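The primary structure of each chain is shown beneath.
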Amino acid sequence: MAGPVLEMRSIGKTFPGVTALSDVNLTVRRGEVHAICGENGAGKSTLMKVLSGVHPHGSYEGEVLFEGEACRFRDIRASERRGVVIIHQELALVPYLSIAENIFLGNEHARRGFVDWTATLRHAADLLRRVGLRDRPQTRVADIGVGKQQLVEIAKALAKEVRLLILDEPTAALNDEDSGKLLDLVLELKNQGITSVIISHKLNEILRVADSVTVLRDGRTVETLDVRDPATTEERIIAGMVGRDLDHRFPERTRYAAPAEEEEPALEIRDWTVHHPIDQHRKVVDGVSLRVRRGEIVGIAGLMGAGRTELAMSVFGRSYGRHAGGTVLKDGREISTRTVPECVEHGIAYVTEDRKHYGLNLIDTVGRNVSLTALGKVARHGVVDEHEERRVAEGFRTSMNIRTPTVFETVGRLSGGNQQKVVLSKWIFAGPDVLILDEPTRGIDVGAKYEIYTVIDRLAAEGKAVVFISSELPELLGMCDRIHTMAAGRLTGEFLRAEATQEALMRCMTADRSGTGGKGNGRTGAGEADER
């Protein structure tokens, strides 16, 4: 067995009011893929920032040994000179520069102060072939997808003669196909002798590529597991992450006792059609109709590009595309949803899939983010009552279990799971009757997921109507009363909870535009009867 290439001994790191790491130990063998798992806030990213010099030597306790030598990295450049390169979850690429310019940014091929473009493009082409990317080096980064941008980041790392590659949630924003390609590349780099450390919440991916798994919990090392051991299962890793067995990954559904006279759905969408914002001849949502009753959780499943997010955003204040037709009814009455304020006034809330760009003000406090959607509730004579705002935020901090020392903490400093709880708190405070949740658990760990599932179940039990959009089929199967499938902008199937399976959902998700991909509970297409 190869000896250690990296040892981190008794690492401790504190921030004002928070202990992020305490006596953490990590050993990574040469040439292996080593995974680090833990709940949001467990200290995974902080540990890697210590290793890569983002948190410089002197700002933490303990010692770091790389290739047998003690390292005292003062910044990222110092770690990169030793061959330690980190790729953060938020990609550090300049969109309006070319692929080649991004690869060598700060590491240019230059002669006498001038960039040697011939050498730059030739070397970039070699690196792109090595990572399996066929785009030309002159292509702008803004013109390629997120999956390819991840490959550009790896090419950038290879240009720095990387010996230890750190990948922080590399597949969080990727679809299944792009995730598979990236993981295959990690294994190929392993064959080339490059050691990798990968942080991920996707345990199935970890078990596919990793040789060892170190579990962190509450800023401490719990254990390191050998993936080749048959006892190393997803359940085993989860137990280490959360400190308890998760016999049930989803809460038992608490049913809403609807009044006998409740007949009309809380939300009904009829024949909703939306065109692409640039290509006006392309329908991204095509004749969609669905109903959601009070106390019901209705899921929407679909592959990338199926039109799920486009449907949600276009209904919520026409935030996407060019509206072509259709109506929205609330409690049986047609309403206007032309603007976001109109939607909020009608009791409709939308939790976006992109919390960092559209869901939160990352440079403001937890308290101010919570009150944003309903400032009138914490204002007197047009002026925000800061004491009332704090009282409301403290209430949500407790009820939602938002892990922050104070509601005056900047949201950008919270973990992903806690940021998501702030987004949910913001919209719950608005007092909606209908919640549209778009990938509400994306990029968060299993423990935080369970807490959010519990919140969603509680909202449904209170009589809220919930639309639940997710790329994770087990999540939809575990949470929803009914599930619609989408493909190419159309609804292609509808399933009751008891009848839905991953296989049946996938058949409908891959259906053609005619909506004949499958049948659930005798309904296909937009939920209408099908007697075939």
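Note that the structure is predicted; figures quoted are calculated from it, not measured.

### Some words on the layout of surface pockets
- Within this model, the second largest pocket holds a volume of roughly 1,200 Å³.
- Around the second largest pocket, the lining is made up of 41 residues, and of these Gly41, Thr46, Arg413, Leu414 and Ser415 lie nearest the centre.
- For the lining of the second largest pocket, the elements supplying multiple residues, two or more each, are strand S2 (18–29), helix H1 (44–52), helix H11 (355–359) and helix H14 (416–429).
- For the lining of the second largest pocket, the element with the most residues is H1, which contributes four residues.
- Considered class by class, the residues forming the lining of the second largest pocket number ten nonpolar, 18 polar and 13 charged.

### What about the environment of Arg122?
- You can see Arg122 is positioned in helix H4 (residues 117–131).
- Exposure remark for Arg122: the relative accessible area of 51% places this residue in the exposed category.

### With respect to the environment of Leu311
- Relative to the elements of secondary structure, Leu311 occurs in helix H9 (residues 308–315).
- Setting aside anything within four residues of it in sequence, one finds Leu311 in contact with Trp272, Val285, Val288, Leu290, Ile300 and Met486.

### As for the pairing of strand S24 (residues 490–496)
- Burial of S24 is extensive: five of the seven residues sit out of reach of the surface.
- The sheet contact formed by strand S23 (residues 482–487) and S24 spans six bridges and is antiparallel. Directly across from Ala487, in S24, lies its bridge partner Arg490.
- Linking S23 to S24, which pair antiparallel, is a turn of two residues; within it Ala488 sits at a positive phi near 55°.

### Here we look at the sheet that holds strand S17 (residues 333–335)
- As summarised here, the arrangement of the four strands in space is S14-S13-S16-S17, forming an open sheet in which the pairing is antiparallel. Every interior strand has two partners, whereas the edge strands, strand S14 (283–292) and S17, have only one. Taken pair by pair, the neighbouring strands of this sheet meet at an average axis angle of 15°, ignoring direction.
- Where strand S16 (residues 322–330) lies against S17, three bridges are found, and the strand directions are antiparallel. Opposite Leu329, over in S17, you have Glu334 as the bridge partner.

What counts and how
Residues numbered from 1 in each chain as written. Predicted model: local features only at pLDDT ≥ 70, side-chain atom pairs only at ≥ 80, totals over all residues. Heavy atoms only, no water. 1 Å grid on protein atoms, 1.4 Å probe; cavity = no way out; pocket = protein on both sides within 12 Å on 5 of 7 lines; lining within 4 Å. Points joined across faces, edges and corners; volume = space filled by probe spheres on them. Helix = DSSP H or I, 4+ residues; strand = E, 2+ residues; numbered from the N terminus. Nonpolar A, V, L, I, M, F, W, Y, C, P; charged D, E, K, R; others polar. Buried < 20%, exposed > 50% of the residue type's maximum accessible area, 1.4 Å probe, protein only. Contact = heavy atoms within 4.5 Å. Pairing = 2+ DSSP bridges. Axes fitted to C-alpha atoms, helices over the stretch in contact; angles between N-to-C directions.

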